[in-house]
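Next come the chains, spelled out residue by residue.
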Amino acid sequence: MATLYTKQSSNNLKTILLMSVFLSFFVLLGFVASERFQNPGLLYGAIIFSVVMNVSSYWFSDKIALSLAGAKKADPVSDKELIRMVENLSITAGLPTPAVYVIEDVSPNAFATGRNKNHAAVAFTRGIIERLERNELEGVVAHELSHIGNKDILLQSVVAVLVGSIALLADWMLRMSLYKGDSDNKHPLIHIFGIVLLIFSPLIATLIQLAISRKREFLADATGALMTRYPEGLASALRKISDHTTPLSKANRATAHLFFSSPFGGDQNNDGVPDRLQKTSFITKLFMTHPPVEERVDALLK
């Protein structure tokens, strides 16, 4: 019988597998390029480029995410209840208390960021603070702290940079390949395969990123429920937030995967029916940053 513990183990293994596929895909892209241009240095260059990009994101990803969201440091007086809640749950989780930020936006949402547990931050919109009951907000806080404890904040930053790196590398290689042509290519099959790979690599990389993001959300839900010992609070928060159709004013695709729930609102079809009450097709799921709300709720309540 599936439990929150088996959910944690399963999601960890699946994420490791997906990351292995991701890195293998990056190396394959470099290999195809090196064969296409008869230059082994391209393979090493691709790997070095990805490492440099990852190191850069390691130091600056939190500042970028907070700035893009318009987050400000929580006020010690007006936001003292939120700060105290984060402090108490951090003690429960055995984590250093992260910096607490508030986003002045009516759309209910939250996210965690940072390079490690000692340099982390959690941000909550004014909408989520005012809209949720205490046990619901505790569930959300526990979920975000779980992202820190599970090292998701660094993983998500690394994956996001890998996606960007692959897109840039693929674009450059595709332009070079088309410019160079076939006249001096000794491996026509590799050329054809390379062109196809370069065209579709950004899409494939994005799909892998989204898959990893969805797995980490399930894991954070499970860990957060273990932390509060009250999964019903988190489940209720998920339903209440998903029924709020107003998107975050500064929502963007680059940071969407960081948030507790999709920052684009709970009615992306604009048909007046909350997304969680509609059937989600397999293709639609592939392009979602978060699992369908009802799947997250079912996992929690079971």
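The structure under discussion appears in the preceding block.
Quantities reported herein were computed from a predicted structural model and do not represent experimental measurements. (Residues numbered from 1 in each chain as written. Predicted model: local features only at pLDDT ≥ 70, side-chain atom pairs only at ≥ 80, totals over all residues. Heavy atoms only, no water.)

1. Things to note about the overall build of the protein
Put simply, the rule is: Comment: elements are numbered from the N terminus, with helices defined as DSSP H or I runs of at least four residues and strands as E runs of at least two. Each residue is placed in one exposure class: buried if its accessible area under a 1.4 Å probe, protein chains only, is under 20% of its type's maximum, exposed if it is over 50%, and partly exposed if it falls in between. Between two residues, a contact is recorded if the distance between any of their heavy atoms is within 4.5 Å. Each accessible area is a Shrake-Rupley result for a 1.4 Å probe, and residues are judged covered by the shown protein chains and nothing else.
Tallying secondary structure elements over the protein gives ten helices and four strands in all. Listing each helix as α and each strand as β along the protein from the N terminus yields α-α-β-α-β-β-β-α-α-α-α-α-α-α. Looking at the protein as a whole, 49% of its 302 residues are labelled buried. Nonlocal contacts in the protein, meaning residues at least 24 apart in sequence, comprise 72% of its contacts between residues at least 6 apart. Taken as a whole, the protein presents about 14,800 Å² of accessible surface, with 63% of it coming from carbon and sulfur.

2. Topic: the nonpolar core
Filter applied, for reference: Throughout this description, the term nonpolar core refers to a set of buried Ala, Val, Leu, Ile, Met, Phe, Trp, Tyr and Cys residues connected via side-chain atoms within 4.5 Å.
In this structure, Val-100, Phe-124, Ile-128, Val-140, Val-141 and Ile-148 are the most contacted members of the largest nonpolar core, which totals 34 residues. When residues of this core are traced back to their parent elements, those giving at least two are helix H3 (80–93), strand E2 (99–103), strand E3 (110–116), strand E4 (119–125), helix H5 (134–149), helix H7 (188–228), helix H8 (231–242) and helix H10 (293–301). Counting residues per element, this core draws most heavily on H5, which supplies six residues. Apart from residues lying up to four places away in sequence, Ile-148 is in contact with Leu-95, Pro-98, Ala-112, Lys-117, Ala-120, Val-122 and Ile-153.

3. Focus: the pairing of E4
What counts, and what does not: Any two strands with at least two DSSP-identified bridges between them are counted as paired.
The element E4 is extensively covered by neighbouring structure, given that six of its seven residues are classed as buried. Summarising the sheet, E2 and E4 pair through five bridges and their orientation is parallel. Note that in E4 the partner of Ala-99 across the bridge is Ala-121. In the sheet, E3 pairs with E4 via six bridges, with the strands oriented antiparallel. The residue bridging Ala-112 from the neighbouring strand is Val-122, located in E4. From the end of E3 to the start of E4, which pair antiparallel, there are two residues.

4. Here's the deal with unusual backbone geometry
You will see that Lys-151, though not glycine, has its phi angle at about 65 degrees, which is positive. Here Lys-151 is to be found in the loop between H5 and helix H6 (152–180). Using a relative accessible area of 62% as the deciding quantity, one classes Lys-151 as exposed. Its identity is not glycine, yet Arg-229 carries a phi of approximately 60 degrees, on the positive side. Residue position: Arg-229 is located in the loop between H7 and H8. By relative accessible area, which is 63% here, Arg-229 ends up exposed.

5. Regarding the sheet that holds E2
For the record, the criterion: Axis definition: a line fitted to C-alpha atoms, over the contacting stretch in the case of helices. Angles run 0 to 180 degrees between N-to-C directions.
With mixed pairing, the four strands of this open sheet are ordered in space as E1-E2-E4-E3. Strand pairing shows two members of the sheet lacking a second neighbour, strand E1 (72–73) and E3, which therefore form its edges. Relative to E2, H3 is tilted by about 140 degrees, and along the sheet it contacts E2 and E4. Each of E3 and E4 is contacted by H5, which is oriented at about 25 degrees to E3, the strand it contacts most.

6. Section: a nonpolar patch on the surface
Under the convention used in this document: Distance thresholds for patches are 9 Å for like charges and 5 Å for nonpolar side chains (Val, Leu, Ile, Met, Phe, Trp, Tyr), applied to residues having over 30% relative accessible area and no salt bridge. Note on definitions: salt bridges are taken to be side-chain nitrogens of Lys or Arg within 4 Å of carboxyl oxygens of Asp or Glu.
Taken together, the side chains of Val-27, Ile-47, Val-51, Val-55, Trp-59, Phe-60, Ile-64 and Leu-68 make up a nonpolar region of the molecular surface, amounting to roughly 700 Å² of accessible area. Element by element, the count of residues in the nonpolar patch is highest for helix H2 (residues 41–69), at seven residues. Structurally, Leu-68 is set in helix H2. On the basis of relative accessibility, which here comes to 37%, the residue Leu-68 falls in the partly exposed class.

7. Notes on the pairing of E2
Burial runs high along E2: four of the five residues are buried. Bridging between E1 and E2 involves two bridges; their strand directions are antiparallel. Of the residues in E2, the one forming a bridge with Lys-73 is Tyr-101.

8. A short note on the packing of H5 against H8
In plain terms, the rule: Note on terminology: angles under 35 degrees are roughly parallel, angles over 145 are roughly antiparallel, angles of 65 to 115 are roughly perpendicular, and the others are oblique. Throughout, the ten residues Ala, Val, Leu, Ile, Met, Phe, Trp, Tyr, Cys and Pro are labelled nonpolar, Asp, Glu, Lys and Arg are labelled charged, and all others, Gly among them, are labelled polar.
Closest axis-to-axis distance for the H5/H8 pair is 7 Å, and the angle between their directions is 95 degrees. Between H5 and H8, the angle falls in the class roughly perpendicular. Contact residues: Asn-135, Glu-136, Gly-139, Val-140 and His-143 in H5; Gly-233, Leu-234, Ser-236, Ala-237, Lys-240 and Ile-241 in H8. Residue composition of the contact of H5 with H8, grouped by class: four nonpolar, five polar and two charged.

9. Considerations on H5
Our working rule: Given a helix with a known number of residues, its expected span is that number minus one, times 1.5 Å.
Compared with an ideal rise of 1.5 Å per residue, which puts 16 residues at 22 Å, H5 spans 22 Å between its outermost C-alpha atoms and is within 8% of the ideal. Across the 16 residues of H5, twelve count as buried, placing the element largely inside the fold. Among the residues of H5, Glu-136, Leu-137, Gly-139, Val-140, Val-141, Ala-142, His-143, Glu-144, Leu-145, Ser-146, His-147 and Ile-148 are the ones counted as buried. In the segment just after H5, Lys-151 is the residue with positive phi, at about 65 degrees.

10. With respect to the packing of aromatic side chains
Just so we agree on the cut-off: Any two rings among Phe, Tyr and Trp, with Trp reduced to its six-membered ring, count as a pair given centres within 6.5 Å; such a pair is stacked if its planes are under 30 degrees apart, edge-to-face if over 60, and tilted if neither. Whether a charge sits over a ring depends on NZ of Lys or CZ of Arg being within 6 Å of the ring centre and within 35 degrees of the ring normal.
Applying the stated criterion to the full structure yields one aromatic pair. The positively charged end of Arg-296 is found above the aromatic ring belonging to Phe-260, 5.2 Å away from the centroid.

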